[in-house]
Amino acid sequence: MDTSRPGPLMMLGGGILMVLGPILKWGGDTSGVSTDAAGLLGIIVLLSGLFILGVGAVRAFGIEVAIPERIAGFTIEQICLIDGFAAFLWVFAFATEDGTKIGLHLTWLGAALATAGAAVAIRQTRTTPPGGVL
Amino acid sequence: MNNPRPGALAIMIGGALLFIASFLDFQAIGPFSRNAWDIGLTGFFILLICGVVITIAAIRTFAPQTNLPDNILGLDQNQVVMGLGYAAFLMAFAYLFLPEGFKIGSILALLSSGAIAVGGYLEAQAGDPVLPAPPTGVAPPTPPPPQPQQPAPPAPQPPPTQPAPPPAQPAQQPPPP
């Protein structure tokens, strides 16, 4: 595990929270994956969390998997940044509502962590010269 | 004033429509309904998204000489617009699947956020906005004088060639007795 690059580790941790949070209750007896809570938002966040978790694991553990470097002009880390930020925005929007439960708060915390991790990973990619040696 | 490009026009119109959509019904709860401003901070975040994307598109169109930051958390301006449009699209898409059905606010938000994302993509394809031509009567700025060229370094001298060794003398045969 490459501990010298905290970005992928943060993405991994944030992704785990983004997967666990929607499974737990968001408000009342309603879990995040239920459409009663916020439509498909919980499921979308869970799927985004799986994606970010996967990318974080691949980068952190150096797993050799053929990941496309760019999709529609975005790098994988940039896609994780946008996904994590979108999840954070719309889940945190509920944080001020009454009766929210631990699942919702874990979800937006995980999304914030994943977003920060992706930003750190992007910055590390830009500052590390080719060859990885400083 | 530059004519807005299709991408910039889509972003500005999409941003304005998204802001209007935030005041329309998003969610029905029995006889009542909620718009985005009744759902926590959703309306506020929509306002932020609209403000950012419209500002970027308007500056790039009407004041392209303004220096906007090129890098925002690892994204360039067009990627920021596409990303925010995508985020708003996700939210609107999610709200289409509420138990009591969707409302006009969700539909309009979906379409307008899609327009923002597509507009950002078109702007990325179009490249940087062209700076306006200077007004007539003003000479265009002169390019800086070329730097004096440094004399070319002398060509490396080839190493002195070693004199070829004399050919080996054949062994002298003794004269026959």
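My aim in this report is to walk through the structure given alongside it, one point at a time. (Residues numbered from 1 in each chain as written. Chains lettered and ligands numbered in written order. Predicted model: local features only at pLDDT ≥ 70, side-chain atom pairs only at ≥ 80, totals over all residues. Heavy atoms only, no water.)

1. Observations concerning the overall build of chain A
Along its length, chain A carries 5 helices and 4 strands. Going from the N terminus to the C terminus, chain A shows its helices and strands as α-β-β-α-α-β-β-α-α. Relative to a compact globule of 134 residues, whose C-alpha radius of gyration would be 14 Å, chain A shows 15 Å and is just as compact. Principal axes of the C-alpha set define a box for chain A whose edges measure 50 × 30 × 20 Å. Residues classed as buried in chain A amount to 46% of the 134 residues present. Relative to all contacts within chain A whose residues are 6 or more apart in sequence, the contacts with residues 24 or more apart total 70%. Carbon and sulfur atoms form 67% of the exposed surface of chain A, whose accessible area is close to 6200 Å². (Helix = DSSP H or I, 4+ residues; strand = E, 2+ residues; numbered from the N terminus. Rg over C-alpha atoms; globule rule 2.2 N^0.38 Å. Buried < 20%, exposed > 50% of the residue type's maximum accessible area, 1.4 Å probe, protein only. Contact = heavy atoms within 4.5 Å. Areas by Shrake-Rupley, 256 points an atom, 1.4 Å probe, with all protein chains shown as cover.)

2. As for the packing of helix α1 (residues 6-23) of chain A against helix α3 (residues 41-61) of chain A
Residue and element names in this part refer to chain A. Across the interface, α1 lies against α3 with an axial gap of 7 Å and an inter-helix angle of 155 degrees. One finds that α1 runs roughly antiparallel with respect to α3. When the axes of α1 and α3 are compared, the crossing they make is left-handed. Across the contact of α1 with α3, the residue classes break down as 18 nonpolar, 5 polar and 1 charged. (Axes fitted to C-alpha atoms, helices over the stretch in contact; angles between N-to-C directions. Parallel < 35°, antiparallel > 145°, perpendicular 65-115°, else oblique. Left-handed = near helix turned anticlockwise from the far one by under 90°. Nonpolar A, V, L, I, M, F, W, Y, C, P; charged D, E, K, R; others polar.)

3. Things to note about the pattern of salt bridges
Residues and elements named next belong to chain A. Going through the model one piece at a time under the given rule, you end up with 5 salt bridges over all chains. Note that Glu69 and Arg59 form a salt bridge whose closest N and O atoms lie 3.9 Å from each other. Of this pair, Glu69 sits in the loop between α3 and β3 (70-71) while Arg59 sits in helix α3; the two residues are 10 residues apart in sequence, bridging distant segments of the chain. Overall, the relative accessible area of 53% leaves Glu69 in the exposed class. Among the residues examined, Arg59 registers a relative accessible area of 26% and is labelled partly exposed. (Salt bridge = Lys/Arg side-chain N within 4 Å of Asp/Glu carboxyl O.)

4. Some details on α3(A)
Here α3(A) spans 30 Å end to end across 21 residues, near enough to the 30 Å set by a 1.5 Å rise per residue. One or two positions beyond α3(A), positive phi appears at Gly62(A), with a value near 65 degrees. (Expected span 1.5 Å × (residues − 1).)

5. A word on the packing of aromatic side chains
Residues and elements named next belong to chain B. In this structure the tally under the stated criterion is 10 aromatic pairs over all chains. Considering the side-chain rings of Phe23 and Trp37, the 5.5 Å spacing of their centres and the 25 degrees angle between planes classify their relative orientation as stacked. Remark: Trp37 occurs in the loop between β2 (32-35) and α2 (42-62) and Phe23 occurs in the loop between α1 (6-21) and β1 (25-29); sequence separation between them is 14 residues. On the basis of relative accessibility, which here comes to 45%, the residue Phe23 falls in the partly exposed class. Residue Trp37 is classed as partly exposed on the basis of its relative accessible area, which comes to 32%. Here Phe44 and Phe45 contribute two aromatic rings whose centre-to-centre distance is 6.0 Å and whose plane-to-plane angle is 45 degrees, an arrangement assigned as tilted. (Phe/Tyr/Trp six-rings, centres within 6.5 Å; stacked < 30°, edge-to-face > 60°.)

6. Observations regarding the interface of chain B and chain A
On the chain A side, the residues contacting the 28 residues of chain B number 25 residues. Summing both partners gives a buried area of about 2200 Å² for chain B against chain A, and 72% of it is carried by carbon and sulfur. Summed over the shared surface of chain B and chain A, the number is 1 salt bridge. At the boundary of chain B with chain A, the tally comes to 9 residue pairs in polar contact (both at pLDDT 80 or more). (Buried area = accessible area lost by both parts, 1.4 Å probe. Polar contact = N/O pair within 3.5 Å; in protein donor to acceptor, adjacent residues only side chain to side chain.)

7. As for a nonpolar patch on the surface
Residue and element names in this part refer to chain A. Together, Ile16, Leu20, Ile23, Val33, Ile43, Leu47 and Leu50 line one region of the surface with nonpolar side chains, adding up to about 570 Å² of accessible area. Secondary-structure elements contributing two or more residues to the nonpolar patch are α1 and α3. Looking at the secondary structure, you find Leu20 in helix α1. (Patch = residues over 30% accessible without salt bridge, like charges linked within 9 Å, V, L, I, M, F, W, Y side chains within 5 Å.)

8. Notes on the nonpolar core
Within the largest apolar cluster, 64 residues are counted, with the highest numbers of intra-cluster contacts made by Leu41(A), Trp90(A), Leu18(B), Phe26(B), Ile46(B) and Ile49(B). Of all elements in the fold, only α1, α3, α4 (76-92) and α5 (102-127) of chain A together with α1, α2, α3 (77-94) and α4 (104-126) of chain B reach the threshold of two or more residues within this core. For Trp90(A), the residues in contact, after removing those within four places along its chain, are Leu41(A), Thr42(B), Phe45(B), Ile46(B), Ile49(B), Ala87(B), Ala88(B) and Met91(B). (Core = buried A, V, L, I, M, F, W, Y, C linked by side-chain atoms within 4.5 Å.)

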